Amino acid sequence: MGRQIFTCRTLILLTCICIFFTMVHGDLSYTVPEETKRQSVIGNVAKDLGLDVKRLSSRKARIETEDSTKRYCDINLSSGNLVVAEIMDREELCGSRIACILNYELVLENPLEVHRVSLQIEDINDNAPRFPNERIMFEISESAVKGKRFSLDEAHDSDIGQNAVQGYTLQRNDHFILSIHETAERGKYAELVLEKELDREEQNEINLILTANDGGTPQRSGTVLIHISVLDANDNTPVFSQPVYRVTLSENAPLGSGVVTVSATDADEGANGDVSYEFSRISDRAAKRFSIDKITGEIKVNGNIDFEEEKSYEMRVQAKDGPGLTSSAKIVIDVTDVNDNAPKIVLKSLNDPVPENAVIGTEVGIINVQDKDSGDNRKIRCSIQQNVPFKLNPSIKNYFSLTTTDALDREKEVDYNITITATDEGSPPLSSFMTIHLSVSDINDNPPVFEEQFYSAYVSENNKAGASICSVTARDPDWRQNGTVLYSLVSSEVNGIPVSSFLSVNGDTGVIHAVRSFDYEQFRSFKVQVVARDNGSPPLSSNTTVSVFISDENDNSPQILYPAPEGKTLMTEMVPKAALSGSLVSKVIAVDADSGQNAWLSYYIIKSTDPGLFTIGLRTGEIRAQRDITESDNMKQNLVISVKDNGQPPLSTTCSVYLLISDNLAEVPELKDMTYEENNSNLTSYLIIALVSVSTFFLTFIILILAVRFCHRRKPRLLFDGAVAIPSAYLPPNYAEVDGTGTLRSSYNYDAYLTTGSRTSDFKFVRSYNDNTLPASGTLKMCQDDPYVSSIINTDYDEVRISSISCK
Ligand SMILES: *[C@@H]1O[C@H](CO)[C@@H](O)[C@H](O)[C@H]1NC(C)=O
Ligand SMILES: *[C@@H]1O[C@H](CO)[C@@H](O)[C@H](O)[C@H]1NC(C)=O
Ligand SMILES: *[C@@H]1O[C@H](CO)[C@@H](O)[C@H](O)[C@H]1NC(C)=O
């Protein structure tokens, strides 16, 4: 593909026929006199071809020469006139040829149109007749009889037709008259005819002026002096071996090589028989290229013989004997062609650069090939290299149009070097090459493409506002602004807040910054779309999703839900006196708003009234008796519990749990006493004072408490096996956010007693948890990734009783 072979022979043949015999439709022929001034109008091409003058410019109308010789005419694009561009000298251009025609091509593009323009150059009489020598010498014997003829040198006029030599006149004299002859082969020539015998004794020398006239207007003439010496003797004229010598000469024949040797013989003896040769009629061109040896008559090459310049030379040779008697012969030298001209490739037009979206078959250039040789030497094959998406299409005459054969893509191939080879069919063939550099111009046909389909950014909460969190990159292979990528965020909302108040993207670099500090406890991740848009017109864009994951930091201390936080009134847990080792006496419930390790809580007793009596589950927070409770144990037990998370560094919270070892609420001491229980030394005195002060009311209390106890006799219990109610307000907002199972142990069924300040006050019944947070399964859902959060609670109970518990 892409290789086109085209033979020019037919075209060239056709072309020749066209010039001389017919005018193909659309071809133009004008006649112009030589020596016409520059810019003179020859004719109106536009009118003659019916072209729109206004479109001449846009169609790049121009005059091209067929073989890149000098251009003598040009087209005026604004008027459509064909004008003279260079002064033409017919004699210089065509020599003695009758028909002097210059051929040009009028080329129009879009679509390609070629018209032949022939310019016939008319001769004007700008040359006078000229004789080859300054004088013509004759030696004529006085014995010459009347009527004897003497051939005269011909005058030569470079003009043709009427402007060439038309006649000769001789100065009036007593002895000679002029006889004018005309033959088809020789043209007009004159002979001197002896009219009255010479007498040497009377006049031994005669000088006559011979005038040659042409037929032009005004008439021009040239003269020569005829010098006649009158002699005593008689002789013969030289005779050529043949009247016409016809030879062929190959062009580029080396200087000095022989062409032909003419020979004339003279019957006379001695000096009268010595013949000398000279050109008697020769064109200026031929005179520059050939020389003749005066003595031998050998004609030699004396200049560059170029077939392309002149295909044939004609001249006359004169042989003259000693006394000046002459005769002449004609020499015809036919020059033969040698393949000495490589084809010539001419780039007539090129649409460079070609846009990459050019449809297949788009014409990108026009090429013309020429070869000055003739025959096979002139046949040209054109080809183009294989690996480019272009081909050469033979067009009108020896024009080719270069068209695309495939879609172009600037992103793959920015430019092409298209090498065109033209080879003629001579032997050996000659080739020439032309490399056309064609660039492909950009079209915005590629959207920016992100390097990754999705981006993830991991940010620790409490980050600094303005910190960069990740960067996105999109590539666009287009050129300049068509490939310049600008980034922006797609506006969307995260939890009802515009995303732009969380993130910003640097439009040029794609670096994404946090606009504010994030809080893991508020949200853990969000997504944002980033658009990459190029700067083309219209712009192309693509988008990607950036997922921002916020990681937890240990920024929340454990929060104690039970016992109730500080500020509430003191609460005390009742421990039955008969509690055995291992029995559950209370449970500390704490949560941590963080997650993972940061929310993995551990419980420690850091201070107790009676170390060794109670232990706390490291993970569960369950307070159990470590041994059986005995009578000797202090009735009031105070534990300080520390709840610590597993963060780095860990955060902790402490609380106090007050335990009262008693089966009887009546034994509950003043709450005040509990608070200052540490003052063991004062206990006895307090008790004594208390005994005295309360003894009077003791009976009343007993009755009251008995009455209360009687009311709840239905549910006597030894072990503390209820559940603890956690007011929903204490739950972290996202507590039930993620699916997963909590670690509730159904074996725990607590009844919690809630007091509002006094051990004797009304009980409050709390019904279950917030309905929303407790699905039907009865499991409070916890964060999936927080398996360590101590969890709590079974909801298999109707009511919850909270007893007097207090928290420091
Ligand atoms: C074409 O030729 C030019 C100059 O020789 C060179 O710089 C360029 O790289 C070439 N391009 C291709 C596509 O070969
Ligand atoms: C960009 O593409 C448009 C067409 O999409 C084209 O007209 C323009 O010339 C291109 N710009 C550059 C710098 O190549
Ligand atoms: C993101 O790209 C998809 C397809 O790639 C397109 O459907 C969607 O409209 C784009 N979104 C925006 C906001 O440009």
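Residues numbered from 1 in each chain as written. Chains lettered and ligands numbered in written order. Predicted model: local features only at pLDDT ≥ 70, side-chain atom pairs only at ≥ 80, totals over all residues. Heavy atoms only, no water.

The number of helices and strands found in the chain is 6 helices and 51 strands. Split into buried and exposed, the 808 residues of the chain put 46% on the buried side. Considering only contacts within the chain whose residues lie at least 6 apart along the sequence, 71% involve residues at least 24 apart. Of the roughly 40200 Å² of accessible surface on the chain, 51% is carried by carbon and sulfur atoms. (Helix = DSSP H or I, 4+ residues; strand = E, 2+ residues; numbered from the N terminus. Buried < 20%, exposed > 50% of the residue type's maximum accessible area, 1.4 Å probe, protein only. Contact = heavy atoms within 4.5 Å. Areas by Shrake-Rupley, 256 points an atom, 1.4 Å probe, with all protein chains shown as cover.)

On to the site of ligand 2. Residues in contact with ligand 2, as listed here, are Asp442, Ile443, Asn444, Trp479, Arg480, Gln481 and Asn482. In the environment of ligand 2, an oxygen atom lies 3.0 Å from a nitrogen or oxygen atom belonging to the backbone of Asn444. Within the side chain of Asn482, a nitrogen or oxygen atom sits 2.3 Å from an oxygen atom of ligand 2. Residues that form the shell around ligand 2 fall into these classes: 2 nonpolar, 3 polar and 2 charged. (Near = heavy atom within 4 Å. Polar contact = N/O pair within 3.5 Å; in protein donor to acceptor, adjacent residues only side chain to side chain. Nonpolar A, V, L, I, M, F, W, Y, C, P; charged D, E, K, R; others polar.)

Here the structure, examined in full by the defined rule, presents 16 aromatic pairs. Here Phe240 and Tyr245 contribute two aromatic rings whose centre-to-centre distance is 6.4 Å and whose plane-to-plane angle is 75°, an arrangement assigned as edge-to-face. With a relative accessible area of 11%, Phe240 lands in the buried category. A ring pair is formed by Phe518 and Phe526, whose centres lie 5.7 Å apart and whose planes are at 65°; its orientation type is edge-to-face. (Phe/Tyr/Trp six-rings, centres within 6.5 Å; stacked < 30°, edge-to-face > 60°.)

Let us look at unusual backbone geometry. A cis amide bond links Ser427 to the next residue, Pro428, at an omega of 0°. Checked against the element boundaries, Pro428 lands in the loop between β30 (415–424) and β31 (431–441). Omega for the peptide link from Gln648 to Pro649 comes to -10°, which places this bond in the cis form. Backbone geometry places Asn252, a non-glycine residue, at a positive phi of 65°. Mapped onto the elements, Asn252 comes out in the loop between β16 (244–250) and β17 (258–261).

Our focus in this paragraph is the nonpolar core. In this structure, Phe290 and Ile299 are the most contacted members of the largest nonpolar core, which totals 28 residues. Taken together, the elements giving at least two residues each to this core come down to β16, β17, β19 (276–282), β20 (290–292), β21 (298–301), β22 (312–320) and β23 (326–336). Look past the residues within four positions of Ile299 in its chain and what remains in contact with it is Ser257, Gly258, Val259, Val260, Val262, Phe279, Phe290, Ser291, Ile292, Val317 and Ile331. (Core = buried A, V, L, I, M, F, W, Y, C linked by side-chain atoms within 4.5 Å.)

A few words on a nonpolar patch on the surface. Judged by side-chain polarity, Tyr604, Ile606 and Leu618 come together as a nonpolar surface patch covering roughly 270 Å² of accessible area. Mapped onto the elements of the fold, Ile606 is located in strand β47 (residues 602–608). (Patch = residues over 30% accessible without salt bridge, like charges linked within 9 Å, V, L, I, M, F, W, Y side chains within 5 Å. Salt bridge = Lys/Arg side-chain N within 4 Å of Asp/Glu carboxyl O.)

Here the focus is the environment of Asn444. Looking at the element boundaries, Asn444 is found in the loop between β31 and β32 (449–450). Considered as a pair, Asn444 and Pro539 are 95 residues apart in the sequence and their alpha carbons are 7.6 Å apart. Here Asn444 is in contact with Asp476, Asp478, Asn482, Asp534, Gly536, Ser537, Pro538, Pro539 and Leu540, once residues within four sequence places are set aside. Within the structure, the side chain of Asn444 is placed 3.1 Å from the side chain of Asp534, a separation counted as a polar contact. Only 3.1 Å separates the side chain of Asn444 from the backbone oxygen of Pro538, close enough to count as a polar contact.

Once that is clear, we can look at the pairing of strand β5 (residues 81–84). Along any regular strand, the residues point their side chains to alternate faces of the sheet. Along β5, one buried face is formed by Asn81 and Val83 and the opposite face, lined by Leu82 and Val84, is buried too. As defined by bridge partners, strand β2 (residues 41–44) adjoins β5 across 3 bridges and the pair is classed as antiparallel. Of the residues in β5, the one forming a bridge with Asn44 is Asn81. Pairing of strand β4 (residues 73–75) with β5, which is carried by 3 bridges, proceeds in the antiparallel orientation. In the strand pairing of β5, Cys73 is matched with Val84. What sits between the antiparallel neighbours β4 and β5 is a turn of 5 residues, in which Gly80 has the positive phi angle 80°. (Pairing = 2+ DSSP bridges.)

Strand order across the open sheet formed by 3 strands is β45-β49-β48, with antiparallel pairing between neighbours. Whereas interior strands pair on both sides, the edge strands pair on one side only; in this sheet they are β45 (584–587) and β48 (614–616). Adjacent strand axes in the sheet meet at a mean angle of 25° when their direction is disregarded. Strand direction decides the pairing type here: β48 and strand β49 (residues 622–625), joined by 3 bridges, are antiparallel. Bridging across to β49, Thr615 finds its partner in Arg624. (Axes fitted to C-alpha atoms, helices over the stretch in contact; angles between N-to-C directions.)

Once that is clear, we can look at the state of the cysteines. Under the criterion given, the structure shown has 1 disulfide. Note that Cys94 is cross-linked by a disulfide to Cys100, the S-S spacing being 1.8 Å. Taking the torsion about the S-S bond as the criterion, the Cys94 to Cys100 disulfide, at about 65°, is right-handed. In terms of burial, Cys94 and Cys100 fall into one category: buried. (Disulfide = S-S within 2.5 Å.)

Glancing now at a negative patch on the surface. Together, Asp174, Asp199, Glu201 and Glu202 make up a region of like negative charge exposed at the surface. Mapped onto the elements of the fold, Asp174 is located in the loop between β10 (165–170) and β11 (176–183). (Lys, Arg positive; Asp, Glu negative; His and termini not counted. Charge placed at Lys NZ, Arg CZ, Asp CG, Glu CD.)

Structurally, the position occupied by Ala264 is in strand β18 (residues 264–265). Linking Ala264 and Gln318, residues 54 residues apart in sequence, is a C-alpha distance of 9.1 Å. Excluding residues that lie within four positions of it along the chain, Ala264 makes contacts with Pro238, Val239, Phe240, Val275, Tyr277 and Ala319.

A sheet is described by the order of its strands in space; here 4 strands give the open sequence β25-β31-β30-β27, paired in mixed fashion. The two strands at the open ends of the sheet, each matched to only one other strand, are β25 (354–355) and β27 (380–384).

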